[in-house]
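# Structural overview
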Amino acid sequence: MSYLSQKKKQERINSFLNVAIFIVALFTVVVLAAPQRGFFSHFVDWQFQYYIAILLLFCYAVAVRYFFQAAVLLLFICINYVSLSSYSNIFFNVSGEGKEKFSIVYQNNTEQAGKLISEADRQDADVIAVNPAGTLTDVIDDNYRLFHDDADLSKSFILTNNPVIRSGTVRFTPGQTASYLIVSKYGREIMIINVDFSQMTPAEEALVFKNMNEFVLEQNIPVIIVGNFGISSWKEVFSGFLRQSGMEVKNRVILSDGKSFFNPLVKPSIYLLGYKTLGVEQISFLNRGDDKSYPILFKLRL
């Protein structure tokens, strides 16, 4: 390659990296400083994908030996990592301090409940939580007892093979409800709340998380919340709930809406929350059969 060609190539790389850094800087300011309302709220939901993009840009800058631009990108990587990791676990689950095993199977929806229950039974799941539920036409496994909202299985249902102390539904807004169970396991009571906020509107977010916080704080037993929260955990309304309730995100970032194992174009919204001692040993996608979404198995340590 001639000297002039090499120089033009270097100028193109330099221009590309400088423009990329400008966009990175602008996006960072919007995510961290702009009000999380309206148009700006969408930037926050995509912060994880943006963080991965900066990592790739950094690797490229190092590979082409543009170390000044790489150093600037590394600064933005650190800023965004701190922002994300404060209220999420980017690549790894939280191991926790618990020793006793407990497992939950969650599915966004199911059209074949019998197959889901059989698959969960093979995994010896303690709780099966489904939102929304579709129609329960299959025979329920004898090992599990069914709990649901006012006999309306199209909203949600929870099954468990453990003794149940209490079950019910809590209404956070007129359009957003969650079902819950209090089960007895290892000689203690545990509350499991099954949520689906995937259809939650921006106008509902603050009230939903405010009322959920009040409900959680009323409990004097360990609480586990699992489901689709509709937004990412680093969004202010969600992170504010985590601060006030004392709960923590326990799972790594799941880039999936349940319809595929991996989809980089969806905002992370499926979470399992718990208190400090709760740990996640493993997360795996189970066989979905003919359903449109995969059941997700959370193996926990209490």
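This text follows the structure it describes.
For the structure given in this document, a descriptive report is provided here. Given the structure is predicted, the values throughout are model-derived calculations rather than measurements.

## Here we look at the nonpolar core
If you look at the biggest cluster of nonpolar residues, it comprises 51 residues, and the most contacted ones within it are Ile193, Ile225, Phe229, Phe241 and Leu273. Sort the elements by how many residues they give to this core and helix α1 (residues 3-33) lands first, with seven residues. Once residues lying within four places of it in the same chain are set aside, the contact partners of Ile193 are Ala178, Ser179, Tyr180, Phe215, Val216, Val223, Ile224, Ile225 and Val226. Core analysis: the second largest hydrophobic core is formed by 24 residues, Ile254, Leu272, Leu278 and Ile296 among them.

## A few points about helix α5 (residues 113-122)
Taken residue by residue, α5 has Ala113, Gly114, Leu116, Ile117, Glu119 and Ala120 as its buried positions. Considering only its buried residues, α5 is in contact with β1 (101-107), β2 (127-130) and β4 (157-160). Just downstream of α5 lies Asp124, where phi reads positive at about 55°.

## Re the packing of helix α3 (residues 47-63) against helix α4 (residues 67-85)
With their axes 9 Å apart at the nearest point, α3 and α4 run at an angle of 155° to one another. As summarised for this structure, α3 and α4 are arranged roughly antiparallel, according to the angle between their axes. Along this stretch, α3 crosses α4, giving a crossing that reads as left-handed. Between α3 and α4, the contacting residues are Gln47, Phe48, Tyr50, Tyr51, Ile54, Leu55, Leu57, Phe58, Ala61 and Val62 on the first element and Phe67, Ala70, Leu73, Leu74, Phe76, Ile77, Asn80, Tyr81, Ser83 and Leu84 on the second. Considering only residue class, the contact of α3 with α4 consists of 17 nonpolar, three polar and no charged.

## A look at the side chain of Gln69
When you line up the elements, Gln69 lands in helix α4. Under the relative-accessibility criterion, Gln69 is labelled buried at 6%. Aside from chain neighbours lying at most four places away, what touches Gln69 is Asn14, Leu17, Asn18 and Ile21.

Reading guide: rules and limits
Just so you know, the residues in each chain are numbered from 1, in the order the chain's sequence is written. Totals for whole chains, interfaces and linings use all residues, but because this is a predicted model, local features are given only for residues with pLDDT of at least 70 and pairs of side-chain atoms are given and counted only at 80 or more. Side-chain measures were taken over the full set of non-hydrogen atoms in the model, leaving aside hydrogen atoms and water. The definition of a nonpolar core used throughout is a set of buried Ala, Val, Leu, Ile, Met, Phe, Trp, Tyr and Cys residues joined through side-chain atoms within 4.5 Å. Exposure is judged per residue with a 1.4 Å probe applied to protein chains only, and the accessible area is read against the type maximum: over 50% gives exposed, under 20% gives buried, and values in between give partly exposed. The way it works is that DSSP assigns letters per residue, a run of H or I at least four long becomes a helix, a run of E at least two long becomes a strand, and they are numbered from the N terminus. The contact criterion used is simple: two residues touch if any of their non-hydrogen atoms lie within 4.5 Å. Axes, fitted as lines to C-alpha atoms, cover a helix only where it is in contact. Angles between the N-to-C directions of the axes lie from 0 to 180 degrees. Roughly parallel refers to an angle under 35 degrees, roughly antiparallel to one over 145, roughly perpendicular to one between 65 and 115, and oblique to any angle outside these ranges. Crossing handedness: left-handed means the near helix sits turned counterclockwise from the far one by under a right angle, and right-handed means the same turn made clockwise. Residues are grouped as follows: Ala, Val, Leu, Ile, Met, Phe, Trp, Tyr, Cys and Pro are nonpolar; Asp, Glu, Lys and Arg are charged; every other residue, Gly included, is polar.

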